[in-house]
Structure formats: structure tokens, C-alpha cells
Amino acid sequence: GYPTQEPDSVSSFSVDAVSSFSVDAQGLQKQIDELSNFSDTPSPSVTRILYSKMDVFARRYIKNLMGLSGLSIREDAVGNIFGRWEGYEPELTAVATGSHIDAIPYSGKYDGVVGVLGAIEAINVLRRSGFKPRRSLEVILFTSEEPTRFGISCLGSRLLAGNEALMKSLETVVDSQNISFFDAARAAGYANDEEDLPSVFLKKGSYSAFVELHIEQGPILEEEGISIGIVTAIAAPASIKVDFEGNGGHAGAVLMPNRNDAGLAAAELALAVEKHVLESGSIDTVGTVGILELHPGAINSIPSKSHLEIDTRDINEMRRNTVIEKTHQSAITIAKNRGVRLSEFKIINQDPPALSDKSITKAMQAASQELNLSHKLMISRAYHDSLFMARISPMGMIFIPCYKGYSHKPEEYASIEDIANGVKVLALTLTKLSLY
Ligand code: HGY
Ligand code: MN
Ligand code: MN
Ligand code: MN
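All of the points below concern the structure found in this document. (Residues numbered from 1 in each chain as written. Chains lettered and ligands numbered in written order. Predicted model: local features only at pLDDT ≥ 70, side-chain atom pairs only at ≥ 80, totals over all residues. Heavy atoms only, no water.)

**A look at the packing of helix 2 (residues 25-36) against helix 13 (residues 416-435)**
Running from N to C, helix 2 and helix 13 cross one another at 110°; their axes reach a closest spacing of 10 Å. Of the possible angle classes, the one that applies to helix 2 and helix 13 is roughly perpendicular. Along its contact with helix 2, which presents Ala25, Leu28, Gln29 and Ile32, the element helix 13 presents Ile416, Ile419 and Val423. For the contact of helix 2 with helix 13, the class distribution of residues is 6 nonpolar, 1 polar and no charged. (Axes fitted to C-alpha atoms, helices over the stretch in contact; angles between N-to-C directions. Helix = DSSP H or I, 4+ residues; strand = E, 2+ residues; numbered from the N terminus. Parallel < 35°, antiparallel > 145°, perpendicular 65-115°, else oblique. Contact = heavy atoms within 4.5 Å. Nonpolar A, V, L, I, M, F, W, Y, C, P; charged D, E, K, R; others polar.)

See the structure below:
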């Protein structure tokens, strides 16, 4: 890994370069605003779903900016986009940075975007400062970090990290309109069929480091008035899909003893998730039911089917797995007591946490110091593409404050000053990782 005390080639560059770092804050703000217009819902909300028309337009917008920054562009079969600045020792493994631009329904315009537009601006800052990369630098736009369309989070980075099971599941997965993954990918100009997928896998050691700039999506930095968060670990996410089935029937005519209400079974399970999370005894255990659908969805018809999706996480993998096991037990008990059928209890993903690479967090601390920016070590409770890049490369993340920690809603906001600070720390960190 990166040496803890910097070789003089690095420290000499970074000390005097810092003064010449200039972020085009106005231009960056304009890009953030323009990109947010590629949305299926009205401003200030952003909705940008994998392979939708808006997603394709936004991808074009980013590729254009990458081109203007002199990056050579390649796209893989699922639409991960790589913009490369060749270093003067191109045979060395490259340093990569990036994030995502897809946005869940009615969300904001900074989640992910700050780490893509900010990475491209970091390249521009380095070019303006006369920096020459030793290791090539690569900006990555990851396909579909959000689970919205096919229920799979970090689809692009999971494949880059070589997830065979995911590759298999893409052959059969369909979205809520019954469109298959490959029909959607083909329509956006990407993969035709499963033969195209293995080429997405990156070999271990493809990168000497991967770093991601992202809004904190929590309130700590803003509350403590700290400019930069340096992530030490990313919490372990899991998602579960559950279906209950009952007889349904007339909401007036069927007497209570004769009912097996799939909707109430789902409601009881949702509260059981909360109970099992709170039983963990740790503030780091979280869980919610973000999707709850009732069929037929008529006020005077007893739900004959219910579909719920559970998101539970913890920085401690064992505690998170205990919540999953207890939830599964509760689902079985609730189904028995209510005479409904538990027709599906499917764990979609149950991922371990990821630890940041110590040498990268040290480089980030040095960069923040040299830029005179207050900073602190912290964990990420949200997951990111970094969680999967950590499986094939040393990883680190830079956080910037966001308004009241709001995220995944239109009120999401980060000031251009905070974004510019993040861009400078990213740029300086990239020089350190590229020069050693
Ligand atoms: O849900 C998450 O943690 C990420 O923001 N998609
Ligand atoms: Mn998100
Ligand atoms: Mn994100
Ligand atoms: Mn289902």
C-alpha cells in the first residue's frame, strides 16, 4: 500500500500545488443543475432510473464532460463508463475514482452526482495545476448503484467485482413492467445477452486504489462544523423480499374469525422488523420496510396478497444477520397465526461491511491537512459502489457535509463551497496515490 511517510516526489508536489488548485465552482454548480434536469419527475426532485431515456441522456452529458477534460472513454457491457487520463508510466495499475448518477424516485440532485462531476472537476483542477499523473487516473461512472429498477443495488460495481451469482440472476430478472434486464440494457445500447457479461469482470489488482467522493447522507459533519469526512468502514447492507397470500374477500361480509388478511400480516411483519432491530441493543442496527404493496388495493377488499421489501443494515455483520434470522422466524409465525401463506421470503443481498485501506485514509488525512480543512474519521451507514470496489482494490471515501443530513429526498443539498472542498481533497489525494 501507499507509504505512510510520503516520498519527497509526492510531498514536494503536493505542498506547492495546493496553492495553485482552482476549482471552477460556478461551472460545477451549473453542471449539477443541468444534470438534474435529466429527470422523470419535476424539479427539485430527481428521478433517474437505470437505462431509462433520462439515464441515457445523463450518460451522454457525462461522456461529453469527460471528453472535454481530455479523458479517453470506454464503456463496458452494462454501461459502467471509464474516463482515463494516461499517466507517464502507463504500465502501472491506475488510480480510480467515481460514483453513480442514477437516482431513486423523488430524490435529490447530489447523491452520487457529486462523486462523478466532482471527479471530472478534480481532473480539471489537476490539469490546470500542471500536474502529470505517474499512474493513470480513471474516472468511473458506475451503472445503477440504486436498486430501483431490478431490485439489485450496485449492479455495475458488483459485476466489476466479479459477482457470478448476479450475472446468473440477470438472465431472469424483470422490472415492474415485466421488462427483462437484457431488453432494457439493449434498448440503452448496452449488453445483448449473458455472453456479454463476463467481459465486465475486472481482474483483482486492476487498480492500485479506488476513492469515492460522496455527500455524507447523515448530519454529523454539518452538526460538528467539519468540512471533510474520511470513511473508515461502510456498513453491511441487506435486502429481503416477502410475499404473503390469503383468501381476500369482501371487506364487509367476511366476519373477522373467517379472515386471513395478507395486508395485516405484512403490517405485523413490518413492526416485527423494527422490534428485532431495536432488540440488537446497538444504535448502529437499522431497518425499515420501504416497499409495501397490497393486492388488489381496493378499500373494500381484504388484501389477498401483500408484497413487502425490507432494508436492514449494521456496521456489525453478525448483528445484522441476527435481525434477518429473527425476521424470517417472525414471518413464519405470523403466517401460521393468521392462516396466510408465506409464498416468498427471499434474501436479495446480504453483504459484509467493507473496511477502507489505511494507506488511503492516511493520504486523505494528509491532503485535508495540507488544504487546511477540518476533517474526521467516520463510518458510512449508506452503501456505495466503494463497498464492492473494496473487493478488488484498496478503497477509501471522502464525505462532504449535506444539509441536515437529508438524502434520497428533494431537500437534499450540499453547498458549492463544501463540494469544492471535497474536490480539492480528492484532487490532492489522487496526486498522492498516482505519484507513489
Ligand atoms: O441506500 C443506500 O445506502 C445508497 O444511498 N443507495
Ligand atoms: Mn443513494
Ligand atoms: Mn449514493
Ligand atoms: Mn414478490
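**Considering the coordination of the manganese ion (ligand 3)**
Under perfect tetrahedral coordination by four donors, a metal shows angles of 109.5 degrees; under perfect octahedral coordination by six donors, it shows angles of 90 or 180 degrees. Protein coordination of the manganese ion (ligand 3) is provided by His100 (NE2), Asp111 (OD) and His214 (NE2), with donor distances spanning 2.1 to 2.3 Å. Donor residues binding the manganese ion (ligand 3) come from one chain and are separated in sequence as H-x10-D-x102-H. Between the two metals, the manganese ion (ligand 3) and the manganese ion (ligand 2), the spacing is 3.5 Å, and aspartate 111 donates to both. Taken as a pair, histidine 100 in strand 4 (residues 94-100) and histidine 214 in strand 7 (residues 207-215) lie far apart in primary sequence, 114 residues in all. With respect to burial, histidine 100 and histidine 214 carry one shared label: buried. (Donors = N, O, S within 2.8 Å, 3.2 Å for Na, K, Ca; no water. Buried < 20%, exposed > 50% of the residue type's maximum accessible area, 1.4 Å probe, protein only.)

**Points about the packing of aromatic side chains**
Applying the stated criterion to the full structure yields 10 aromatic pairs. Both rings, one in phenylalanine 142 and one in phenylalanine 210, keep their centres 5.6 Å apart while their planes meet at 80°; by these two values the pair is edge-to-face. Separated by 68 residues along the polypeptide, phenylalanine 142 in strand 6 (residues 137-142) and phenylalanine 210 in strand 7 bring together distant segments of the chain. Taken as a pair, phenylalanine 142 and phenylalanine 210 share a single burial class, namely buried. Between tyrosine 403 and tyrosine 406 the ring centres are 5.5 Å apart and the planes differ by 85°, which places this aromatic pair in the edge-to-face class. On the basis of relative accessible area, tyrosine 403 is assigned to the partly exposed category, the value being 34%. Among the aromatic residues, those joined into a ring-pair cluster are Tyr51, Phe150, Phe181, Phe182 and Tyr190. Across the ring face of phenylalanine 82, the terminal group of arginine 74 is positioned such that the distance to the ring centre comes to 3.9 Å. Directly above the ring of tyrosine 436 sits arginine 135, whose terminal nitrogen or CZ lies 4.9 Å from the centroid. (Phe/Tyr/Trp six-rings, centres within 6.5 Å; stacked < 30°, edge-to-face > 60°. Lys NZ or Arg CZ within 6 Å of the ring centre and 35° of its normal.)

**Looking at the coordination of the manganese ion (ligand 4)**
Protein ligation of the manganese ion (ligand 4) involves Asp243 (OD), Asp243 (OD) and His307 (ND1), the donor distances falling in the range 2.3 to 2.6 Å. Here aspartate 243, found in strand 9 (residues 236-245), pairs with histidine 307, found in strand 11 (residues 305-314); they are 64 residues apart in sequence, far enough to count as distant.

**As for the nonpolar core**
With 106 residues, the main nonpolar core has Tyr51, Ile62, Leu170, Phe181 and Ile419 as its most contacted residues. Broken down by element, the residue count for this core peaks at 11 residues, all from helix 13. Core analysis: the next-biggest nonpolar cluster, separate from the first, contains 21 residues, Ala262, Ala272, Ile324 and Val340 among them. (Core = buried A, V, L, I, M, F, W, Y, C linked by side-chain atoms within 4.5 Å.)

**Section: the layout of surface pockets**
The calculated volume of the second largest pocket comes to roughly 160 Å³. Elements supplying a minimum of two residues to the lining of the second largest pocket: strand 2 (72-75) and strand 3 (81-85). Ranked by residues supplied to the lining of the second largest pocket, first place goes to strand 2 with 3 residues. Broken down by class, the residue content of the lining of the second largest pocket amounts to 6 nonpolar, 3 polar and 3 charged. (1 Å grid on protein atoms, 1.4 Å probe; cavity = no way out; pocket = protein on both sides within 12 Å on 5 of 7 lines; lining within 4 Å. Points joined across faces, edges and corners; volume = space filled by probe spheres on them.)

**A closer look at helix 4 (residues 113-128)**
The terminal C-alpha atoms of helix 4 lie 22 Å apart, and with 16 residues this matches the ideal 22 Å at 1.5 Å per residue to within 8%. Burial of helix 4 is extensive: 14 of the 16 residues sit out of reach of the surface. Backbone geometry just after helix 4 places glycine 130 at a positive phi near 85°. (Expected span 1.5 Å × (residues − 1).)

**Topic: unusual backbone geometry**
Residues serine 43 and proline 44 are joined by a peptide bond in cis, for which omega reads 10°. With respect to the secondary-structure elements, proline 44 resides in the loop between helix 2 and strand 1 (46-48). Phi angles above zero are rare outside glycine, and cysteine 154 is one such case at about 50°. Structurally, cysteine 154 is set in the loop between strand 6 and helix 5 (155-160). Located in the positive-phi region is glutamine 217, a residue other than glycine, with phi close to 60°. Look at glutamine 217 and you get buried, because its relative accessible area is 19%.

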